[in-house]
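# What the coordinates show
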Amino acid sequence: MGELRLIGRPASPGVALSRLFVLAEKDGPAAAPPVGDPTSEALRLSAAIARAIGELEAVSQSVGEDAREILEFQIALLGDDALAEPAFASIAVGDSADLAWRAALEAQVADYASAEDEYFRARSADLADLRDRVLRILSGEVQQTVPAGAVLVARDLPPSQFLGIEWRSGAAIALAGGSPTSHVALLARARGVPMVVGLGADVMSIASGQEAMVDGELGTLVIAPDDVTRAAARSRETEIKQRQAIAERYERAPARMPSGEAVAVMINTAGPDELSLLDPAICDGIGLVRSEFLFHGPVLPDEETQYRAYHRILEWAGGRPVTIRTLDAGGDKPVQGLTIDDEGNPFLGTRGIRLSLLKPDVFRVQLRALCRAATHGTLKVMLPMVATPRDLTQGRQHLEAVASDLAARKVPHAVPPLGVMVEVPAAAIAIDRFDADFYSIGSNDLIQYVMAAARDIASLADYADATDPAVLSLIVQTVGHGKRTGREVSLCGDAASDPAIVPHLLRAGLRSLSVSASSVGLVKAAIAGALER
Ligand code: PEP
Ligand code: MG
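None of these values were measured; they are calculated from a predicted model.

### A short note on the coordination of the magnesium ion (ligand 2)
At this site the magnesium ion (ligand 2) is bound by Glu423 (OE) and Asp445 (OD), with donor distances of 2.0 to 2.1 Å. Highlighted residues: Glu423 in the loop between strand E13 (418–422) and helix H14 (425–429) and Asp445 in helix H15 (residues 443–451), separated in sequence by 22 residues. A single burial state applies to Glu423 and to Asp445, both of which are buried.

Written as structure tokens, this is what we have:
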């Protein structure tokens, strides 16, 4: 038999070559257990939930800070009476504890799994984990043991089960379903376990024991790899390990160029959940918080919800500067009930600050939450998609109005510096017209608008070149304006996370970059000139 190559989505980088272990699936209760009276069934369920909490607490004692947060989230869910309420109601009308719990949790898992947003879909795995853990305890079954060093194949993998496995070298995860934004994917990345998701249901019918190769960067699972694939895997493995070793060496130290000149390396984030897995010591602050993470649910977040989230982010940063971008909805980021659905070309449509100015009530809720959070750290606020000085002046008027309203009501607050994203060519070309407190170049959008190549069309990826002279000249011009006026200029688009592009950005004069957290080490190495041959 030749090799079988399955293609999924990359979730955690790295290459592994090992034996497959396919996690057996339960297909419902094996035999319906005899149903006791409602009182004893309710007691059985309460005891199983208490035991599940105990198990999770025990695992959380032996793991690091990052994993503990995830387990504490699950413990809090289990400890919330609202979760089990429907199950106890079914028990009261004669259902068994097992049946009642399964039905109650399945309804909630399905609810999350059908959410439009990937973040919420990913959370359904946490609930499915709790469902299965309590069911296992009710049935008296023992947990399956995964052989150390195996390539684990499963439909999905709950975080608590991930944490119960000893991840030796060679081990990897290949999931039929799952998502790169799930908690387990975050854990796998943090632990360096290669992981591929979305391989499709057929992967579950492959027999355990065969040799397999997982490439977590390409998103592939190869069953029975031939000699050529094995050799390629080994050389990619060596290359990835070398890169990781370099990244680790540089990650925690301040970034310096060979001349000794310092470069600020900050991180981009999509919210506090993601930050909880990171050590703030790796960065000089947060250069971009994409506040869209708050706007994924069916209802718009209120002031209190936003204030709490911004507060958590500032707390994590511990005094380091944090730049939160106001809502950048529209384009490829629709928000139900807020963005305009029928625009022919949404990237050139009512996006970012344009939408905020069109919906001042929504904008002011966010600005109020930001001004209140500003008392808890070094907060800066920036506006996305600014194209004319009017966008900035009107944005500033809203900020000032919100601040004076808070002052009148004696609500503790501060007025953060207000910057603009330089991501529309009009702003970069005439940068001296924009009297902002600071500038952050959004190279992703700047490139797509300069090159007239939509960022979501894969076949146009070659046009998305940050080193194109047209793009670089706009960066040089923006940096020059910052130097002349004494205002900070940084770059927070994906170009800054690419170690091969970093030298070009430094030559353009940038001394502040905001990058994805996973690329901090290699970016600092590139700044130090350690990657040049
Ligand atoms: C950018 O455009 O470079 C940027 C950082 O913003 P986003 O990718 O969120 O549009
Ligand atoms: Mg952008």
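### Observations concerning the environment of Phe295
Tracing the backbone through its elements, the reader meets Phe295 in the loop between strand E10 (286–290) and helix H10 (303–317). Setting aside its immediate chain neighbours within four residues, Phe295 contacts Leu300, Pro301, Gln306, Leu327, Val335, Val362 and Gln366.

### Regarding the packing of aromatic side chains
Counted according to the given criterion, the structure contains zero aromatic pairs. Stacked on the ring of Tyr307, the Lys or Arg Arg372 has its end atom at 4.1 Å from the ring centre.

### Examining the packing of helix H12 (residues 360–373) against helix H13 (residues 389–408)
Packed helices, taken two at a time, are described by their axes: the angle between them and the distance between them. It is at 9 Å that the axes of H12 and H13 come closest, and there the two elements cross at 60 degrees. Between H12 and H13, the crossing angle belongs to the class labelled oblique. The crossing of H12 and H13 is right-handed. When H12 is examined against H13, the residues Pro360, Phe363, Arg364, Leu367, Arg368, Cys371 and Arg372 are found in contact with a partner set consisting of Gly395, His398, Leu399, Ala401, Val402, Asp405 and Leu406.

### Some details on the side chain of Thr326
Here Thr326 lies in the loop between strand E11 (321–325) and helix H11 (353–358). Residue classification places Thr326 among the buried positions, given a relative accessible area of 0%. Setting aside residues no more than four positions away along its own chain, Thr326 makes contact with Ser291, Glu292, Phe363, Gln366, Leu367, Leu370, Val381, Met382, Leu383 and Pro384.

### Describing the site of ligand 1
Every one of the 15 residues lining ligand 1 counts as a neighbour, but Arg290, Arg325, Gly442, Asn444 and Arg455 are closest to it. One of the side-chain N or O atoms of Arg290 is found 2.7 Å from an oxygen atom in ligand 1. Between ligand 1 and Asn444 there is a distance of 2.7 Å, counted from an oxygen atom to a backbone nitrogen or oxygen. Isolated, ligand 1 exposes 290 Å² of accessible area, and the fraction of that covered by the protein chains is 99%. For the shell around ligand 1, the secondary-structure elements that each account for two or more residues are E10 and H15. Of the residues contributing to the shell around ligand 1, the split by class is three nonpolar, four polar and eight charged.

### Some remarks on H15
Most of H15 is tucked away, with seven of its nine residues classed as buried. Where H15 is concerned, the buried positions are Ser443, Asn444, Asp445, Leu446, Ile447, Gln448 and Tyr449. Next to the buried residues of H15 lie E10, E13, H14, strand E14 (439–441), helix H16 (469–485) and strand E15 (489–491). Looking one or two places after H15, you find Ala452, whose phi comes out positive at around 55 degrees.

### Brief notes about the domain arrangement of the chain
Bring the parts together and some accessible area is lost; that lost area is often taken as the interface size. Partitioning the chain into domains gives domain 1 (4–24 + 144–226), domain 2 (38–139) and domain 3 (247–528). For domain 2 versus domain 3, the distance between C-alpha centres works out to 38 Å. On the side of domain 3, six residues touch domain 2, which itself brings seven residues to the contact. Where domain 2 abuts domain 3, roughly 540 Å² becomes buried across the two surfaces, and 55% of that area is made up of carbon and sulfur atoms.

### Some words on the packing of helix H3 (residues 81–92) against helix H4 (residues 97–113)
At a minimum axis separation of 8 Å, H3 and H4 run at an interaxial angle of 140 degrees. Classified by the angle their axes make, H3 and H4 are oblique. The two elements H3 and H4 cross, and the hand of that crossing is right-handed. Counted together, Leu83, Ala84, Pro86, Ala87, Ser90 and Ile91 of H3 and Ala97, Ala100, Trp101, Ala104, Leu105 and Gln108 of H4 form the full contact between these two elements. Among the residues making up the contact of H3 with H4, the classes are represented as 10 nonpolar, two polar and no charged.

### A look at the pattern of salt bridges
For the coordinates displayed, the defined rule picks out 29 salt bridges. In this structure, Lys333 and Glu292 form a salt bridge, with 3.4 Å as the shortest nitrogen-oxygen distance. With Lys333 in the loop between E11 and H11 and Glu292 in the loop between E10 and H10, this pair connects stretches of sequence that are 41 residues apart. A relative accessible area of 22% places Lys333 in the partly exposed class.

### Topic: the pairing of strand E16 (residues 512–516)
The buried count for E16 comes to four of five residues, which makes it a mostly enclosed element. Bridging between strand E9 (residues 264–269) and E16 involves five bridges; their strand directions are parallel. The partner of Val265 across the bridge, within E16, is Leu513.

### Points about the nonpolar core
Ranked by size, the top nonpolar core spans 80 residues in total, and within it Val322, Ile475, Leu491, Leu510, Leu513 and Ile527 carry the most contacts. With seven residues, the top contributor of residues to this core is H10. The contact partners of Leu491, leaving out residues within four places of it in the chain, are Ile441, Ser443, Ile475, Ala496, Leu505, Leu510, Ser512, Leu513 and Ser514. Counting 54 residues, the second-largest nonpolar core is a separate cluster that includes Val59, Ala104, Ala154 and Leu157.

Rules and cut-offs
Residues numbered from 1 in each chain as written. Chains lettered and ligands numbered in written order. Predicted model: local features only at pLDDT ≥ 70, side-chain atom pairs only at ≥ 80, totals over all residues. Heavy atoms only, no water. Donors = N, O, S within 2.8 Å, 3.2 Å for Na, K, Ca; no water. Helix = DSSP H or I, 4+ residues; strand = E, 2+ residues; numbered from the N terminus. Buried < 20%, exposed > 50% of the residue type's maximum accessible area, 1.4 Å probe, protein only. Contact = heavy atoms within 4.5 Å. Phe/Tyr/Trp six-rings, centres within 6.5 Å; stacked < 30°, edge-to-face > 60°. Lys NZ or Arg CZ within 6 Å of the ring centre and 35° of its normal. Axes fitted to C-alpha atoms, helices over the stretch in contact; angles between N-to-C directions. Parallel < 35°, antiparallel > 145°, perpendicular 65-115°, else oblique. Left-handed = near helix turned anticlockwise from the far one by under 90°. Near = heavy atom within 4 Å. Polar contact = N/O pair within 3.5 Å; in protein donor to acceptor, adjacent residues only side chain to side chain. Areas by Shrake-Rupley, 256 points an atom, 1.4 Å probe, with all protein chains shown as cover. Nonpolar A, V, L, I, M, F, W, Y, C, P; charged D, E, K, R; others polar. Domains from an automatic or database assignment. Buried area = accessible area lost by both parts, 1.4 Å probe. Salt bridge = Lys/Arg side-chain N within 4 Å of Asp/Glu carboxyl O. Pairing = 2+ DSSP bridges. Core = buried A, V, L, I, M, F, W, Y, C linked by side-chain atoms within 4.5 Å.

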